[in-house]
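# Overview (structure and organization)
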Amino acid sequence: MKTLKDTKIGSSAKVVKIHGEGAIRRRIMDMGITRGVEIRVRKVAPLGDPLEVTVRGYELSLRKSDAAMIEVE
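Overview of the structure. Keep in mind the model is a prediction, meaning the values are calculated, not measured. (Residues numbered from 1 in each chain as written. Predicted model: local features only at pLDDT ≥ 70, side-chain atom pairs only at ≥ 80, totals over all residues. Heavy atoms only, no water.)

### Topic: the sheet that holds strand β6 (residues 70-72)
Selection rule: For two strands to be treated as a pair, DSSP must find at least two bridges joining them. Helix and strand definitions here come from DSSP, where helices need a minimum of 4 consecutive H or I residues and strands a minimum of 2 consecutive E residues; each element is numbered from the N-terminal end.
Strand order in the open sheet formed by six strands is β1-β6-β2-β3-β4-β5, with antiparallel pairing between adjacent strands. Across the chains shown, the open sheet's two edge strands, defined by having one partner strand only, are β1 (2-3) and β5 (58-62). Pairing geometry for strand β4 (residues 51-55) and β5, over five bridges, is antiparallel. Each residue of the ladder has a partner; that of Val 55, found in β5, is Tyr 58.

As structure tokens, then:
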């Protein structure tokens, strides 16, 4: 299983599934990250947390723990 956290800088991935439950999963989906959407990893902070991604035409910062819940292909 490959997650968004494992995706290399500058590459894109397609969301397969969002793991997690309740409010955390809902928050990720409210940010526009849903099954089938294309996500591009733009940058990673110097210490590895957070990641900056482009989703649906806008930039978004995600914690590594949240990125680990997003399964991609």
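Let us keep going from here.
### Brief notes about the pairing of strand β3 (residues 38-44)
Pairing geometry for strand β2 (residues 12-18) and β3, over three bridges, is antiparallel. Each bridged residue has a counterpart across the sheet, and for Ala 13 the counterpart in β3 is Ile 39. Pairing geometry for β3 and β4, over five bridges, is antiparallel. Bridge pairing in β4 links Val 44 to Leu 51. With antiparallel pairing between neighbouring strands as the criterion, β3 and β4 make up a hairpin whose turn holds six residues, including Gly 48 at a positive phi of roughly 90°.

### So, the pattern of salt bridges
Stated precisely, the cut-off is as follows: For this document, the term salt bridge refers to a Lys or Arg side-chain nitrogen within 4 Å of an Asp or Glu carboxyl oxygen.
This model, assessed by the stated rule, comprises five salt bridges. Its salt-bridge partner being Glu 52, residue Lys 43 comes within 3.9 Å of it at the nearest N-O pair. What emerges from the salt-bridge pattern is a single network uniting Arg 42, Lys 43, Glu 52 and Glu 59.

### Describing the pairing of β4
Let me state the cut-off plainly: Under the scheme applied here, a residue whose accessible area is under 20% of the maximum for its type counts as buried, over 50% as exposed, and between as partly exposed, the area being computed with a 1.4 Å probe on protein chains only.
In terms of burial, β4 is largely enclosed, as five of its five residues are buried. With burial as the criterion, each face of β4 is covered, one bearing Leu 51, Val 53 and Val 55 and the other bearing Glu 52 and Thr 54. The antiparallel hairpin formed by β4 and β5 contains two residues in its connecting segment, where Arg 56 sits at a positive phi of about 55°.

### Some thoughts on the nonpolar core
Rules: Take the buried Ala, Val, Leu, Ile, Met, Phe, Trp, Tyr and Cys residues and link them wherever side-chain atoms come within 4.5 Å; each set so joined is a nonpolar core.
Core analysis: the biggest nonpolar cluster contains 19 residues, and Leu 4, Ile 33, Ile 39, Leu 62 and Ile 70 have the highest contact counts within it. Those elements that provide at least two residues to this core are β2, β3, β4, β5 and β6.

### Brief notes about the environment of Leu 60
Cut-off, in case you're wondering: Between two residues, a contact is recorded if the distance between any of their heavy atoms is within 4.5 Å.
With respect to the helices and strands, the residue Leu 60 is situated in strand β5. C-alpha of Leu 60 to C-alpha of Val 44: the two residues are 16 residues apart in sequence and 12 Å apart in space. Sequence-distant contacts of Leu 60, that is, excluding residues within four places in its chain, are made with Met 31, Ile 33, Leu 51, Glu 52, Val 53 and Val 55.

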